[in-house]
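Single-letter residue listing:
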2 protein chains.
Amino acid sequence: MINSDTFQFLLAAKQAEIKVLQQLGANCELVSLVSELVHQLQRERGMSNLYLASGSALFGKERQAQLVAVTLQEQSLRQRLQQHYLHKSDARNSSRLLSSVSMALLAMDDLAALREQISLQKISTLASTQAFSRLIHSWQTVVSEAADIASDAEICRLLVVLQHLMRLKELAGQERAWGSIGFAKGDFSADLRERLSELDTAQRQTTEQLLQSATAELAQQWHAQEGSQGSKDLTQLRLMLQQFTDQNCTVPAIADIWYQLATERMDQMQLLQNEITGQLQRQAASKLIEAKQQLDQYQHKLNLPTQHDKTLIHSVLFDPAMPGLYGDASIEQHRLEPAGFSFLYQLLNEQASHINRIQAELAQVKTKAEEHRVQQRAKMWLMQHQNITEPAAHKLLQQQAMSQNCTMTDIARQLLQTN
Amino acid sequence: MINSDTFQFLLAAKQAEIKVLQQLGANCELVSLVSELVHQLQRERGMSNLYLASGSALFGKERQAQLVAVTLQEQSLRQRLQQHYLHKSDARNSSRLLSSVSMALLAMDDLAALREQISLQKISTLASTQAFSRLIHSWQTVVSEAADIASDAEICRLLVVLQHLMRLKELAGQERAWGSIGFAKGDFSADLRERLSELDTAQRQTTEQLLQSATAELAQQWHAQEGSQGSKDLTQLRLMLQQFTDQNCTVPAIADIWYQLATERMDQMQLLQNEITGQLQRQAASKLIEAKQQLDQYQHKLNLPTQHDKTLIHSVLFDPAMPGLYGDASIEQHRLEPAGFSFLYQLLNEQASHINRIQAELAQVKTKAEEHRVQQRAKMWLMQHQNITEPAAHKLLQQQAMSQNCTMTDIARQLLQTN
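Source: prediction; values computed, not measured. Starting afresh in each chain, residues are numbered from 1 along the sequence in its written order. Note on labels: chains are lettered from A, ligands numbered from 1, in written order. Restriction of local features to residues with pLDDT of at least 70 applies here, the model being predicted, together with a cutoff of 80 or more for giving and counting side-chain atom pairs; totals for whole chains, interfaces and linings are based on all residues. Water and hydrogen atoms play no part in the side-chain values, which are based on all heavy atoms of the structure.

1. Here we look at the overall build of chain A
Working step 1: When its secondary structure is counted, chain A shows 14 helices and zero strands.
Working step 2: Ordered by position from N to C terminus, the α and β elements of chain A give α-α-α-α-α-α-α-α-α-α-α-α-α-α.
Working step 3: Relative accessibility thresholds used throughout: buried, under 20% of the residue-type maximum; exposed, over 50%; partly exposed, between the two (1.4 Å probe, protein chains only). Taken across its 419 residues, chain A has 54% of its residues classed as buried.
Working step 4: Whether two residues are in contact is decided by their heavy atoms: any pair within 4.5 Å suffices. In chain A, of all internal contacts separated by at least 6 residues, the share reaching a separation of at least 24 is 79%.
Working step 5: The Shrake-Rupley method, run with a 1.4 Å probe, gives the accessible areas here. Residue values count only the displayed protein chains as cover. Within the structure as shown, chain A displays about 18,600 Å² of accessible surface, and the carbon and sulfur contribution to it stands at 52%.
Working step 6: Taken as two groups, the 39 positive and 44 negative side-chain charges of chain A have centres that lie 3 Å from each other. Helix numbering and strand numbering both begin at the N terminus, where a helix is a DSSP run of H or I of at least 4 residues and a strand a DSSP run of E of at least 2. A residue counts as positive if it is Lys or Arg and as negative if it is Asp or Glu; His and the chain ends are not included. Note that the charge is assigned to NZ on lysines, CZ on arginines, CG on aspartates and CD on glutamates.

As structure tokens, this is what we get:
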């Protein structure tokens, strides 16, 4: 005798899973659009620097064209945002994600005024670079939030990879900007060289994190890209910049090459990002289709008239595999004839182990991401309280971990707990 | 120049938080009803045992009255379930919670058949106890799932306390059942005494966990309750049972006292549970009111016409506190006059730190709960693979932790990772 509520709740559980997957799909699409917008903003930052540094002589046209490209990308992002997050009554919006979106939108609202200051040469290249970097950071936060709230292991892993790749590309973008500022001033001061060296180190560290979470295929693509002639030439240029003394004068031709090579590398990285955002959207779509098929199957099975007769009572209450009595392993079981379970009980068991599997996979990915986050938070604390840079903070954690023979996460946790 | 999207997303973020709190409130109400249903089922289990053991001579009337009490409680639970989880289009149902609900409902569907077997004396007291215990366990799983998915630290903590208390009460219920079986048979075999001793140990362990997560106030109530004359008398009886040899004959009068004292203790525990479920519902309601008030405040601020004029541009892009450029701590900042932030930026910062605080608090509670879960999983593994009981598995973990000078959670993690 099976109550119809039981069916309804099994179906509702599946429907809840489907709604979560629909939201996950929308978040994956959002992240793809954010990745592209950040790419365009990074281009605008670079061109704005060259425009500012040349006293409006260079890159005027290119910059105007780039403003249009950013605006177009912004429009399609805003449109999607409205469709998916504001005008859907059953959207399972995350307060965290939307809060980060509104912060990024607020930053975007200030872009017009920033552009005006640039056009009028009323802002330094440094201040402009800072402003663009904050804007880009606000969009990166949206991607981290999306990764944090992702409810599927594979998609969460892809989002973490994307997060690392976006961070890496942003470090490359800042390296390009600092290099351009140096060339424009004709002065690579010790401070500037130190900064470029730190960005190089940070890129190595982020690459390590990227490769830890990336699939073998993606890692291969990454290595192929970093092994290209352009990347090698860029490495040569980096070494050259580090040789410059304070008095060195630089050749404008090298400035062009620097900008072009750095830009080429960033474009390559963007292709990799597109690869990942494509995978994200395909994964989200296929998980959704799978869940919908399961729902159809459930409904089909529940509608089969003969199935009800075959139903055996007492399936749950007399299933030895079902926990209940404490220390029950050795006790003789009450058996029902004929042995077997009702189909509904089977479905429920399938659904329960499906959920458990998803949870376990997700927990594993989240633990890794959480470890990364703990390290980042510990570094931030060190930066603020010991007044040191991020690379120095990273090194400090690393050294402590080595001397105490434990992981950097252990050290980071200790630090955060005791402070 | 602030785009109206930015407002909309700030409001949508708050609305998302409100929807999550509404669902949390529904889950708290569900858990309260489950706690009461389990209490009634435990009473039915006890009476059914006495009815079976006496060959239908005793507790016939009491049992019939109890069936009605269970049915009434079941009806109000089912009604609430339908209202909150099936007939609300905007419900943010959790697939995990609903899946556990459907499993528990399926178990409930079998209760009628179990009762029939009991009425006809076609089932042993042991098999009946097993069946009731599985049914109760399936409802306890609903409470654990609710705790797992709770998005508020204080409510999550209360749910964890409730979980421990329900487990403790169930162990007490099983102790009552085994004692009753022993008295009915007039035989406390070594096996039965071992079982009672294990349940005693398990109750001590669970009490430890309960007191670790409970507030000082609740801990005090618990100690007061365990210090009552009834509880002391029960402890005396426990010691007496352990003295019985296999040949001992027991006196029926003691059986009555055992049942009454154990029942009294369980009723006291239920009062504590009611206290907690009351707190849960009040907490959920007050968090919801708070969030709604914040939304009202936001809307009020956004509607103030003068505020728009005071808005300062570039707030995000030129805020030194906003991360962006790598290693940016020492760089001179581009300042805007007059210094200050737009009210919307303030609201967003408030909202972001509100979310961060909630997340951090929740993470702390979840970490504790996760440690408990890891320990439980490791025990399960040991029970299955070394064919030992739960108390033995607990002891094993404890001994290893002591000998390796680390926590039981560390040992449990190692075990799960290497197996």
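2. Re the domain arrangement of chain A
Residue and element names in this part refer to chain A.
Working step 1: Here chain A is described as being made up of domain 1 (23–285) and domain 2 (341–418).
Working step 2: Bear in mind that the domain bounds are from an automatic or database domain assignment. The distance between the C-alpha centroids of domain 1 and domain 2 comes to 26 Å.
Working step 3: The interface is formed by 16 residues belonging to domain 1 together with 13 residues belonging to domain 2.
Working step 4: Counting the surface lost from both domain 1 and domain 2, the interface buries some 1,200 Å², and carbon and sulfur atoms represent 54% of this.
Working step 5: Just to be clear on terms, a salt bridge is a Lys or Arg side-chain nitrogen sitting within 4 Å of an Asp or Glu carboxyl oxygen. One can count one salt bridge joining domain 1 with domain 2.
Working step 6: Put simply, Arg 167 and Glu 390 hold a salt bridge, and the shortest N to O gap is 3.0 Å.
Working step 7: Polar contact criterion, stated in full: a pair of N or O atoms within 3.5 Å, where within protein one must be able to donate a hydrogen and the other to accept it, and residues adjacent in sequence count only if both atoms are side-chain atoms. Taken together, domain 1 and domain 2 are joined by five residue pairs in polar contact (both at pLDDT 80 or more).
Working step 8: At the level of secondary structure, the elements contributing two or more residues to the side of domain 1 that touches domain 2 comprise α5 (125–149), α6 (153–185) and α7 (190–213).
Working step 9: It is α6 that provides the largest number of residues to the side of domain 1 that touches domain 2, a total of six residues. Using a 1.4 Å probe, buried area is obtained as the accessible area two parts lose upon being combined, added over both of them.

3. As for unusual backbone geometry
Residues and elements named next belong to chain B.
Working step 1: Even without glycine at this site, Ser 56 takes up a positive phi of about 70°.
Working step 2: Looking at where Ser 56 falls in the secondary structure, it is placed in the loop between α1 (4–53) and α2 (60–86).
Working step 3: Backbone geometry at Gln 121 places phi at a positive 55°, although glycine is not the residue there.
Working step 4: Looking at where Gln 121 falls in the secondary structure, it is placed in the loop between α4 (111–119) and α5 (125–149).

4. Some points on the side chain of Arg 238 of chain A
Working step 1: By the element assignment, Arg 238 of chain A lies in helix α9 (residues 229–243).
Working step 2: Residue classification places Arg 238 of chain A among the buried residues on the basis of a relative accessible area of 15%.

5. Topic: the UniProt feature "coiled-coil region" (unreviewed entry) in chain A
Working step 1: UniProt positions are given in the numbering used here, feature names are shortened, and annotations may be inferred rather than shown by experiment. Per the UniProt annotation, the sites labelled "coiled-coil region" (unreviewed entry) are residues 348–375 of chain A.
Working step 2: As a span, residues 348–375 of chain A carries 100% helix and 0% strand, and end to end its C-alpha atoms are 40 Å apart.

6. Here's the deal with the relation of the copies chain B and chain A
Working step 1: Note on the identical chains: chain B maps onto chain A by a rotation of 180° and an axial translation of 0.0 Å, with an RMSD of 0.1 Å. The two molecules are tied by a two-fold rotation axis, judged by turn and shift. Among all residues of chain B, the minimum C-alpha distance to the rotation axis is found for Asp 90 of chain B, at 2.8 Å.
Working step 2: When the interface residues of chain B are mapped onto chain A, 100% of them are again interface residues, pointing to one common binding face. For the least-squares superposition of copies, only C-alpha atoms count, and only for residues with pLDDT at least 70 in both.

7. A word on the nonpolar core
Working step 1: Formed by 170 residues in total, the largest nonpolar core has its most connected members in Leu 41 and Trp 139 of chain A together with Leu 41 and Trp 139 of chain B.
Working step 2: What Leu 41 of chain A contacts, discounting residues up to four positions off in sequence, is Val 70, Met 108, Leu 111, Phe 132, Leu 135, Ile 136 and Trp 139 of chain A. We call a set of buried residues a nonpolar core when its members are Ala, Val, Leu, Ile, Met, Phe, Trp, Tyr or Cys and they connect through side-chain atoms within 4.5 Å of each other.

8. Things to note about the pattern of salt bridges
It is possible for side chains bearing opposite charge to pair when their charged atoms get close.
Working step 1: The tally for this structure, following the rule as stated, stands at 38 salt bridges over all chains.
Working step 2: Its salt-bridge partner being Arg 78 of chain A, residue Asp 109 of chain A comes within 3.2 Å of it at the nearest N-O pair. Note that Asp 109 of chain A is positioned in helix α3 (residues 95–109) and Arg 78 of chain A in helix α2 (residues 60–86), a separation of 31 residues in sequence. Each member of the pair, Asp 109 of chain A as well as Arg 78 of chain A, is classed as buried.
Working step 3: Residue Asp 148 of chain B pairs with Arg 96 of chain B through a salt bridge whose shortest N-O separation is 2.6 Å. Linking Asp 148 of chain B in helix α5 with Arg 96 of chain B in helix α3 (residues 95–109), this pair joins segments that are 52 residues apart in sequence.
Working step 4: Classification of Arg 96 of chain B as buried rests on a relative accessible area of 17%.
Working step 5: Via salt bridges that share partners, Asp 5 of chain A together with Glu 74, Arg 78 and Asp 109 of chain B belong to a single interconnected network.

9. Focus: the layout of surface pockets
Residue and element names in this part refer to chain B.
Working step 1: Computed over the protein atoms alone on a 1 Å grid, cavities are sets of points where a 1.4 Å probe fits but cannot get out and pockets are open sets with protein on both sides within 12 Å along at least five of seven lines; a residue lines them when it has an atom within 4 Å of a point. Grid points are joined across faces, edges and corners, and a volume is the space filled by probe spheres set on the points. By volume, the second largest pocket amounts to about 610 Å³.
Working step 2: Taken together, 21 residues make up the lining of the second largest pocket; nearest its centre are Gln 209, Gln 212, Lys 368, Glu 371 and His 372.
Working step 3: Looking at the lining of the second largest pocket, the elements that each hand over two or more residues are α6 (153–185), α7 (190–213), α12 (343–385), α13 (390–404) and α14 (408–418).
Working step 4: Among the elements that line the lining of the second largest pocket, the one with the most residues is α12, at seven residues.
Working step 5: In the lining of the second largest pocket, the residues fall into five nonpolar, eleven polar and five charged.
Working step 6: The residues that make up the lining of the second largest pocket include at least three from each of domain 1 (23–289) and domain 2 (340–418). Ten residues, namely Ala, Val, Leu, Ile, Met, Phe, Trp, Tyr, Cys and Pro, are considered nonpolar, four, namely Asp, Glu, Lys and Arg, are considered charged, and the remaining ones, Gly among them, are considered polar.

10. Some remarks on the packing of aromatic side chains
Residue and element names in this part refer to chain A.
Working step 1: Under the pairing criterion, centres of Phe, Tyr and Trp rings, with the six-membered ring standing for Trp, must be within 6.5 Å; the plane angle then separates stacked pairs below 30 degrees from edge-to-face pairs above 60, leaving the rest tilted. Counted according to the given criterion, the structure contains six aromatic pairs over all chains.
Working step 2: Measuring from centroid to centroid gives 5.7 Å for Phe 59 and Tyr 259, while their planes differ by 70°, and the two rings are edge-to-face. Taken as a pair, Phe 59 in the loop between α1 (4–53) and α2 and Tyr 259 in helix α10 (residues 252–303) lie far apart in primary sequence, 200 residues in all.
Working step 3: You can call Phe 59 partly exposed: its relative accessible area is 22%.
Working step 4: What links up through ring pairs into an aromatic cluster is the set Phe 183, Phe 188 and Trp 258.
Working step 5: Two thresholds decide whether a charge sits over a ring: the Lys NZ or Arg CZ must be within 6 Å of the ring centre and within 35 degrees of the ring normal. When the ring centre of Tyr 51 is taken as origin, the NZ or CZ atom of Arg 63, which lies over that ring, is 5.0 Å away.

11. Remarks on the confidence of the model for chain A
Residues and elements named next belong to chain A.
Working step 1: What pLDDT expresses is the predictor's confidence in each residue, scored from 0 to 100. Residue-level pLDDT values for chain A average 87, and 91% of them are 70 or greater.
Working step 2: Ranking the elements of chain A by mean pLDDT puts helix α11 (residues 305–310) last with 48 and α2 first with 95.
Working step 3: The model gives residues 336–340 a pLDDT under 50, and that stretch makes six contacts with residues more than four places away or in other chains.

12. Remarks on the packing of α12 of chain B against α14 of chain B
All names here are of chain B.
Working step 1: It is at 9 Å that the axes of α12 and α14 come closest, and there the two elements cross at 50°. Here α12 is positioned oblique relative to α14, judged by the angle of their axes. Like other packed secondary-structure pairs, α12 and α14 cross with a definite hand, here left-handed. On α14, the residues touching Glu 371, Val 374, Gln 375, Arg 377, Ala 378, Trp 381 and Leu 382 of α12 are Met 408, Thr 409, Ala 412, Arg 413, Leu 415 and Leu 416.
Working step 2: Its residues assigned to classes, the contact of α12 with α14 shows eight nonpolar, two polar and three charged. In this description, a line fitted to the C-alpha atoms serves as the axis of each element, helices being fitted only across the stretch in contact, and the angle between N-to-C directions of two axes falls anywhere from 0 to 180 degrees. Each angle is binned into one of four classes, with values under 35 degrees roughly parallel, values over 145 roughly antiparallel, values of 65 to 115 roughly perpendicular, and all other values oblique. By definition, any crossing whose near helix is turned counterclockwise from its far helix by less than a right angle is left-handed, and any crossing with a clockwise turn is right-handed.

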